[in-house]
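# Close look at the chain arrangement
As a plain string of letters, each chain reads:
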Amino acid sequence: MRIRKSFLAVFIVLALITLYLGFAPIQFEHDKVLHFTFFFLLTTSFYWVVDTTRRRLVNATFLVCVVLGGVGSELVQAAIVKYRVFDWYDILANVLGSSLALLISTFYHKRLLERKRAQKYAQLHSTDPADLEAGVTDSIAMENLMPEMPAEGAVDAEVEGHTAAGGKP
């Protein structure tokens, strides 16, 4: 399990901006669009921070971004900040933005893993059994692995000479 530092940095910056906008005494005309956009970006960046299994990523991202971030932040904001008004539509915009980002990230991650798996096991789909045994898919590399064989005429002449000398073929 490794941490992708670039995604972590983006997540931290977005989280700080979101915290500032959530607690600052600023009013926006289209704040539902901001809620949707910021939670979409937060969820996308959070999903790609840790390199682990898809199931763990989905569960952790759902818990942190959708539940704690999308719903919890609005509840905390309503309890702490007196100049902000609690709005169910803010929660809806947060959850929709996070959910869409989670769906897109999960779909993309699944496709990415399928491509990696297909590349890794491309050798198994080879039609030449020698390729599979040698672990080689390149025909030039395959030629380098094959021992030099004598020409057909040379083999026939050797067999005839052996028989003419009185030996058994």
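Per an unreviewed UniProt entry, the chain goes by the name VanZ-like domain-containing protein and belongs to Myxozyma melibiosi.

## Comments concerning the side chain of Gln77
You can see Gln77 is positioned in helix H3 (residues 54–80). With sequence-adjacent residues up to four places away left out, Gln77 is seen in contact with Gly22, Phe23 and Arg84.

## A closer look at the packing of helix H2 (residues 31–47) against H3
Relative to each other, H2 and H3 sit at 150°, their axes nearing to 10 Å. Accordingly, the angle class assigned to the pair H2 and H3 is roughly antiparallel. Considering only the axes of H2 and H3, their crossing is right-handed. Only Arg54, Leu57, Val58, Ala60, Thr61, Val64, Cys65, Gly69, Gly70, Ser73 and Glu74 of H3 make contact with H2, whose side of the interface consists of His35, Phe39, Leu42, Thr43, Phe46 and Tyr47. Partitioning the contact of H2 with H3 into residue classes produces nine nonpolar, six polar and two charged.

## A word on the UniProt feature "transmembrane region" (unreviewed entry) in the chain
In this numbering, the UniProt entry assigns the feature "transmembrane region" (unreviewed entry) to residues 7–27, 33–50, 57–76 and 88–108. Each end of residues 7–27 is marked by a C-alpha atom, and these two atoms are 29 Å apart; helix forms 81% of the span and strand 0%. Measuring from the first to the last C-alpha atom of residues 88–108 gives 30 Å, for a span that is 100% helix and 0% strand.

## Concerning the packing of aromatic side chains
Geometry of an aromatic ring pair is reported as the spacing of the ring centres plus the angle between the planes. Across all of its chains, the model carries five aromatic pairs by this definition. With 5.0 Å between their ring centres and 70° between their planes, Tyr47 and Trp48 make a pair best called edge-to-face. Pair check on accessibility: Tyr47 and Trp48 agree, each one buried. The rings of Tyr47, Trp48 and Tyr108 are connected pair by pair, giving a single aromatic cluster.

## Brief notes about the pattern of salt bridges
Going through the model one piece at a time under the given rule, you end up with five salt bridges. Between Asp51 and Arg2 there is a salt bridge, with its nearest N and O atoms 3.5 Å apart. One end of the pair, Asp51, is in strand S2 (residues 50–51); the other, Arg2, is in strand S1 (residues 2–3), with 49 residues separating them in the sequence. Exposure remark for Asp51: the relative accessible area of 30% places this residue in the partly exposed category. Residue class for Arg2 comes out partly exposed when judged on its relative accessible area of 48%. Shared partners join several salt bridges into a network, and the residues in it are Asp31, Lys32, Asp87 and Asp90.

Analysis parameters
Numbering of residues starts from 1 in each chain and follows the order in which that chain's sequence is written. Reporting in this predicted model follows two pLDDT cut-offs: at least 70 for local features of residues, and 80 or more for side-chain atom pairs to be given and counted; totals over whole chains, interfaces and linings ignore these cut-offs and use all residues. With hydrogens and water excluded, all non-hydrogen atoms of the structure serve as input to the side-chain values. Here a helix means four or more residues in a row that DSSP labels H or I, a strand means two or more in a row labelled E, and each is numbered from the N terminus. Here, residues are in contact when the closest pair of their heavy atoms is within 4.5 Å. Every axis corresponds to a line fitted to the C-alpha atoms, with the helix fit spanning only the stretch in contact, and the corresponding angles, defined between N-to-C directions, vary from 0 to 180 degrees. Note on angle classes: values under 35 degrees are labelled roughly parallel, values over 145 roughly antiparallel, values of 65 to 115 roughly perpendicular, and the remainder oblique. Left-handed describes a crossing whose near helix is turned anticlockwise from the far helix by less than a right angle; the clockwise case is right-handed. Residue polarity follows a fixed list, in which Ala, Val, Leu, Ile, Met, Phe, Trp, Tyr, Cys and Pro are nonpolar, Asp, Glu, Lys and Arg are charged, and the others, Gly among them, are polar. UniProt positions are given in the numbering used here, feature names are shortened, and annotations may be inferred rather than shown by experiment. Two rings from Phe, Tyr or Trp (for Trp, the six-membered ring) form a pair when their centres sit within 6.5 Å of each other. Planes less than 30 degrees apart are called stacked, planes more than 60 degrees apart edge-to-face, and all others tilted. Remark: exposure states derive from per-residue accessible area (1.4 Å probe, protein chains only) relative to the maximum for the residue type, with buried under 20%, exposed over 50%, and partly exposed in between. A pairing counts as a salt bridge when a side-chain nitrogen of Lys or Arg comes within 4 Å of a carboxyl oxygen of Asp or Glu.

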